[in-house]
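# Examining the three-dimensional arrangement
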Amino acid sequence: MQNYKKFLLAAAVSMAFSATAMAETLKMGIEAAYPPFNNKDASGNVVGFDKDIGDALCAKMKVEKCEVYVSDWDGIIPALNAKKFDFLVSSLSITDERKQAVDFTDPYYSNKLQFIAPKATADFKTDAGYLKGKIIGAQRATLAGTYLEDKLPETTAKLYDTQENAYLDLTSGRLDGILADKYVQYEWLKSKDGLAYEFKGDPVVESDKIGIAVRKGDPLRERLNKALAEIKADGTYKKINDKYFPFSIE
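Residues numbered from 1 in each chain as written. Predicted model: local features only at pLDDT ≥ 70, side-chain atom pairs only at ≥ 80, totals over all residues. Heavy atoms only, no water.

### Topic: the packing of helix α2 (residues 49-60) against helix α9 (residues 220-233)
For any two helices packed against each other, the geometry is given by the interaxial angle and the distance between the axes. It is at 9 Å that the axes of α2 and α9 come closest, and there the two elements cross at 105°. Considering the angle they form, α2 stands roughly perpendicular to α9. In contact with I53, A56, L57 and K60 of α2, α9 contributes L224, A227, L228, E230 and I231. When grouped by side-chain class, the residues that make up the contact of α2 with α9 number seven nonpolar, no polar and two charged. (Axes fitted to C-alpha atoms, helices over the stretch in contact; angles between N-to-C directions. Helix = DSSP H or I, 4+ residues; strand = E, 2+ residues; numbered from the N terminus. Parallel < 35°, antiparallel > 145°, perpendicular 65-115°, else oblique. Contact = heavy atoms within 4.5 Å. Nonpolar A, V, L, I, M, F, W, Y, C, P; charged D, E, K, R; others polar.)

See below:
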């Protein structure tokens, strides 16, 4: 009789645990101003590569509900640490400085940094001598912004709160060029506004690893890593990649 009661108690605990797991809600943080990786569609819904990856990971982890929380880029890591959301999937470069504030998953894609400038500027070069005194735009608190300040201090670096605002100043003639992630630039160059511009020179950073951030010590990191490996193995990752790019960005 005692054994039977223990069995019923164990079964009840197991069912309660399963119900809790099934009812789990996770919140993903996204900037939503960095197409094609993250932005808003005409209806105001968050879309993009990052969002699709986040949804796929939640599905693999069997999360019942995965909610999106939009945050300004400058405050996106503090918002994560303030528990506004549970993980940050917003094209965040893995850097030693950021590792002091958050833990990263394995990279979920790789990027490069490259300049764009007007096609009419045929003599545009990416060396420090040519760029001295040039006004170059980049998004603030990004690898590109840091590169301009650290590697090309003699340029006039103009930093923006969003990548879209950098493009507005470029098309208005207030910038000589922009340094940003190659795959973001690739998307913009295909747009009507970007047709008069082109990549200049080779990438200045060849391997920019992008990861998902969680709070320091959060076991969610290992769950995300496992789910990431699974979506790569079963073809889900490739389907998402191919939706946005005609080449692999893994």
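### A word on the state of the cysteines
Tallied over the full model, the rule gives one disulfide. Residue C58 pairs covalently with C66 via a disulfide, S to S 2.0 Å. By relative accessible area, C58 is classed as buried at 2%. (Disulfide = S-S within 2.5 Å. Buried < 20%, exposed > 50% of the residue type's maximum accessible area, 1.4 Å probe, protein only.)

### Quick word on the packing of aromatic side chains
Scanning the entire structure with this criterion turns up 19 aromatic pairs. Measuring from ring centre to ring centre gives 6.4 Å for F49 and F245, while their planes differ by 65°; the resulting arrangement is edge-to-face. Of this pair, F49 sits in helix α2 while F245 is found in the segment after α10 (236-244), placing the two residues 196 residues apart along the sequence. F245 matches F49 in its accessibility class, with the two residues each being buried. Between Y186 and F247, the aromatic rings sit 5.2 Å apart at their centres with planes inclined by 75°, giving edge-to-face as the arrangement. With Y186 in helix α8 (residues 182-189) and F247 in the segment after α10, this pair connects stretches of sequence that are 61 residues apart. One aromatic cluster is present, built from ring pairs that chain together Y34, F37, F49, Y108, Y109, Y183, Y186, Y237, Y244, F245 and F247. (Phe/Tyr/Trp six-rings, centres within 6.5 Å; stacked < 30°, edge-to-face > 60°.)

### Examining helix α7 (residues 163-171)
Those residues of α7 that fall on the buried side of the exposure criterion are Q163, A166, Y167, D169 and L170. In an axial view of α7, the angular spread of the buried residues amounts to 160°, which keeps them on one side of the axis. Considering only its buried residues, α7 is in contact with β7 (109-118), β8 (135-139), β9 (156-160), β10 (177-181), α8 and β11 (197-215). A positive phi of about 85° marks G173, the residue just after α7. (Arc of directions from axis to C-beta.)

### Digging into the domain arrangement of the protein chain
Taken as a whole, the protein chain is organised into domain 1 (25-110 + 209-244) and domain 2 (111-207). Centre-to-centre, using C-alpha coordinates, domain 1 lies 25 Å away from domain 2. Taking both partners together, domain 1 and domain 2 bury about 1400 Å²; carbon and sulfur atoms supply 48% of that area. Sorting the residues of domain 1 by area buried against domain 2 places Y34, W73 and D74 first, and these three jointly supply 34% of that buried surface. D74 serves as the salt-bridge partner of R140, at 2.8 Å between the closest nitrogen and oxygen. Put simply, domain 1 and domain 2 have six residue pairs in polar contact (both at pLDDT 80 or more) between them. The set of elements that each furnish at least two residues to the side of domain 1 that touches domain 2 consists of β7 and β11. (Domains from an automatic or database assignment. Buried area = accessible area lost by both parts, 1.4 Å probe. Salt bridge = Lys/Arg side-chain N within 4 Å of Asp/Glu carboxyl O. Polar contact = N/O pair within 3.5 Å; in protein donor to acceptor, adjacent residues only side chain to side chain.)

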